[in-house]
Amino acid sequence: MLEKVKFNKKPMKKAEYKEQWDELLAKLVVLQQQAHNEGVGLVVLFEGWNGAGKGSRISDLMYHLDARSTGVYVGLDLDPDTEREFVGRECGVTGFYPIMQPFWKALGERNSITFYDRGWYTAVIQHMLYNAPAKLLLPKKEERHYLDSVHDFEQQLVADGYVVVKFFVHMTKKAQVERLQRLHDDPVTRWRVTEKKLESHHGYETAYELYDRLLERSDYDFAPWVLLNGEDKRRTNLTIASTLVDALERALARKEADDVLKASLAARERADALLAEERAVEEAAAAEAAGAVPAPATQPGRGMLAGVALARAEAQAAAAHDLAPKKSRFDIVKHYPQVDTIDHSLALTLEEYKTERKRLQDRLFRLENIMFQRRVPLILMYEGWDAAGKGGNIKRVAQALDARAYTIFPSPAPTKPELAHPFLWRYWTRLPKAGHVGMYDRSWYGRVLVERVEGFATPAEWSRAYDEINEFEHDLVDWGAILLKFWVDVSPEEQLRRFQDREDDPAKQWKITEDDWRNREKYPQYKAAIDDMFRLTSTTFAPWVVLESDDKRHARIKALRIIVEALEKRLGECPAS
């Protein structure tokens, strides 16, 4: 692919260059403001050889753009000594954070421009060179590869309204040697060229082959590469500016067309849903007129629906289910959970609970200390019905841990900056460091639960989120994290009893709101969303675990036992230190 770059063109005259450059910049400045107003994000990645002028090309643009909605991220070199000394490697952990986390954290809002001066491809090349011989750069078909994470990152950005533009600044070996030497000879710029970087040209041929293969494999139709001649500054600047102008013009035109299409689809979906509701209501009304009585399971107390109202809610649930994907592209466990098959009778005596809790918490305390020393990250994610006991369960886990070793991440309504990013951004930026524990009291599954049911996300957004979540979780597991996903379940009858207890107890009244009662009215919609979640995200690498919590003692002991067993298994696989 790199052979397409031609180095034999005649230099462009300054007057010719300046005329075109000024015209393109004038367009780009206006387009930046339009994109800002329309919520179109632009991600611009510069990759290429050391000394190719990537930073200078960004600086030439930054001088003219609105700095208030423009950011620059500079990629860091991987330090082989740090890599060798990282003890987590012995336990399958690739670093203190996942390889893609810095790039997610640096991502600007959807109405801004983010420049990356070396990014995820440099990181991929460095990790592959350090961790595997060059001949292993292309993975086996059945294996997930660094490039899969790259593909998923770029595809998620595009689906979320960003434009991804990727530049590779190419140069010949001779030109690289001359430029690096010139930088090194100047006392003012010598700091930019270490002795190691100065000698990097010795590996030019090997790096050329790796770059060429990497570029070919990542030349996606939704984020293609643009190759630049780093030896021709003027033509390179013009190509960069014209590419950005073209990308923004197409993105703004596409957004306008997409908005019209989305409105049309939403109207059609509402019409179909209303038609289905009307049919269900008519059938329910006919059944009521005939004297039919709803089954007891459909009316377990205050806040639940029955009759015509229940029929309407069930029709809405069925309509949403029909919009969910039929399957995931990831492997799903054969026996994934289903709400109707959860056992609500499981319980422990107080004596059993106290004995097991002490034993498991003591064991967890010891394992957490070993886990910290071996730099294994532990991620515990809790979802569940209101009043199911998520908070109490988390407390019993935290009680066994060193307070410095864990963080509890709640998931309240997203903030304005969070809404201006892809929904997973708020979780990519809230990960525990390797060796630490992250506990999530509700999580990224809000996109396919509350946002689906309450209409905070469009069907297109929440339906693609299942595999976006699977991609995220696969990256966490590939990083080396132990990921445990708990669904804390409680029957509608037990939930009603706990709601009433909260209303009656002044010390607990803050825990109950009108929204909690209203959510009970949407039981059919939430049940359908939960079953779709189980069906599409109970992957072989991150399956769901149900904590049957009608008896909270049983749920707490089950969670502690599963956490302890997972730690024992992973730490047992590490070489003895």
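For the structure itself, look to the data block above.
Structural notes, computed from the coordinates.

Rules used throughout
- Residues numbered from 1 in each chain as written.
- Predicted model: local features only at pLDDT ≥ 70, side-chain atom pairs only at ≥ 80, totals over all residues.
- Heavy atoms only, no water.
- Disulfide = S-S within 2.5 Å.
- Helix = DSSP H or I, 4+ residues; strand = E, 2+ residues; numbered from the N terminus.
- Buried < 20%, exposed > 50% of the residue type's maximum accessible area, 1.4 Å probe, protein only.
- Polar contact = N/O pair within 3.5 Å; in protein donor to acceptor, adjacent residues only side chain to side chain.
- Phe/Tyr/Trp six-rings, centres within 6.5 Å; stacked < 30°, edge-to-face > 60°.
- Lys NZ or Arg CZ within 6 Å of the ring centre and 35° of its normal.
- Pairing = 2+ DSSP bridges.
- Axes fitted to C-alpha atoms, helices over the stretch in contact; angles between N-to-C directions.
- Core = buried A, V, L, I, M, F, W, Y, C linked by side-chain atoms within 4.5 Å.
- Lys, Arg positive; Asp, Glu negative; His and termini not counted.
- Salt bridge = Lys/Arg side-chain N within 4 Å of Asp/Glu carboxyl O.
- Contact = heavy atoms within 4.5 Å.
- Parallel < 35°, antiparallel > 145°, perpendicular 65-115°, else oblique.
- Left-handed = near helix turned anticlockwise from the far one by under 90°.

### Thoughts on the state of the cysteines
Part 1: For the structure on display, the rule yields 1 disulfide.
Part 2: A disulfide bridge connects C91 with C574, and the sulfur atoms are separated by 1.9 Å. A torsion of 135 degrees about the S-S bond marks the disulfide between C91 and C574 as right-handed. Of the two residues, C91 sits in the loop between α3 (80–85) and α4 (101–106) while C574 sits in the segment after α21 (552–573), which places them 483 residues apart along the sequence. As far as burial versus exposure is concerned, C91 and C574 are alike and both buried.

### Overview of the environment of Q495
Part 1: Here Q495 lies in helix α18 (residues 492–504).
Part 2: Of the residues examined, Q495 reaches a relative accessible area of 7% and is grouped as buried.
Part 3: Put simply, Q495 and D386 are 109 residues apart on the chain and 7.5 Å apart in space, counted from C-alpha to C-alpha.
Part 4: Looking at Q495, its side chain comes within polar contact range of the main-chain oxygen of D386, at 3.0 Å.

### Digging into the packing of aromatic side chains
Aromatic rings considered in pairs are described by the distance between their centres and by the relative angle of their planes.
Part 1: One pass over the structure, following the stated rule, counts 35 aromatic pairs.
Part 2: Seen from their ring centres, F168 and W225 are 6.4 Å apart, and the 85 degrees between their planes marks the pair as edge-to-face. Of this pair, F168 sits in strand β4 (residues 162–170) while W225 sits in strand β5 (residues 225–229), placing them 57 residues apart in sequence.
Part 3: Aromatic side chains W444 and F472 sit 5.0 Å apart centroid to centroid with 90 degrees between the ring planes, which places their arrangement in the edge-to-face category. With W444 in the loop between β8 (437–441) and α16 (450–454) and F472 in helix α17 (residues 459–479), the pair connects residues that are 28 residues apart, well separated along the chain. Both residues of the pair, W444 and F472, belong to the buried class.
Part 4: In this arrangement the basic side chain of K433 is found over the ring face of F96, its NZ or CZ atom lying 4.8 Å from the centre.
Part 5: One Lys or Arg, R452, reaches over the ring of W462 and ends 4.7 Å from the middle of that ring.

### Observations concerning the pairing of strand β6 (residues 378–384)
Part 1: Among the 7 residues in β6, 7 count as buried, and that is most of the element.
Part 2: Burial along β6 is two-sided: L378, L380, Y382 and G384 facing one way and I379, M381 and E383 facing the other are all buried.
Part 3: Two elements, β6 and β8, share 5 bridges in a ladder whose sense is parallel. Looking across to β8, one finds that L380 is bridged to M439.
Part 4: Summarising the sheet, β6 and strand β9 (residues 482–489) pair through 7 bridges and their orientation is parallel. For I379, the partnering residue across the bridge sits in β9 and is L483.

### Observations regarding the sheet that holds β5
Part 1: Taking strand neighbours across the sheet as the criterion, the 5 strands line up as β2-β3-β1-β4-β5 in an open arrangement whose pairing is parallel. Strands at the two margins of the open sheet, each flanked by one partner only, are β2 (70–74) and β5. For this sheet the average axis-to-axis angle between neighbouring strands, irrespective of direction, equals 20 degrees.
Part 2: Taken together, the 5 bridges between strand β1 (residues 41–48) and strand β3 (residues 113–117) define a ladder with parallel strand orientation. Opposite F46, over in β3, you have D117 as the bridge partner.

### A short note on the nonpolar core
Part 1: Counting 151 residues, the largest nonpolar core has W120, L380, Y382, W444, F486 and I563 as the members making the most contacts within it.
Part 2: Broken down by element, this core gets its largest block of residues, 10 residues, from α21.
Part 3: Judged by nonpolar contacts, the second largest core, of 5 residues, contains A387, L496, F499 and I512.

### Some thoughts on the side chain of D551
Part 1: Inspection of the secondary structure puts D551 in the loop between β10 (544–548) and α21.
Part 2: R553 is the oppositely charged side chain nearest to the buried, salt-bridge-free D551, at an N-O distance of 4.0 Å.
Part 3: Not counting residues within four places of it along the chain, the set of residues in contact with D551 comprises L346, A347, L348 and R498.

### With respect to the sheet that holds β6
Part 1: Taken together, the 5 strands give an open sheet; going across it, the order is β7-β8-β6-β9-β10, and neighbouring strands pair in parallel fashion. Where the open sheet ends on each side, the last strands, each with one partner, are β7 (406–410) and β10. On average, each strand axis in the sheet is tilted by 20 degrees relative to the strand beside it, whichever way the strands run.

### Digging into the side chain of D489
Part 1: Here D489 is to be found in strand β9.
Part 2: One buried charge, D489, has no salt-bridge partner; the nearest side chain with opposite charge is R498, at 9.4 Å.
Part 3: Once residues within four sequence positions are removed from consideration, D489 is found in contact with I342, H344, W385, A388, V546, L547, E548, S549 and D550.

### Digging into the packing of helix α11 (residues 307–323) against helix α20 (residues 523–537)
Part 1: It is the contact of α11 with α20, at a shortest axis distance of 8 Å, that shows an interaxial angle of 25 degrees. In terms of orientation, α11 and α20 fall into the roughly parallel class. Of the two elements, α11 crosses α20, and the hand of that crossing is right-handed. Of the residues in α20, those in contact with L310, A313, E314, Q316, A317 and H321 of α11 are P524, Q525, A528, D532 and R535.

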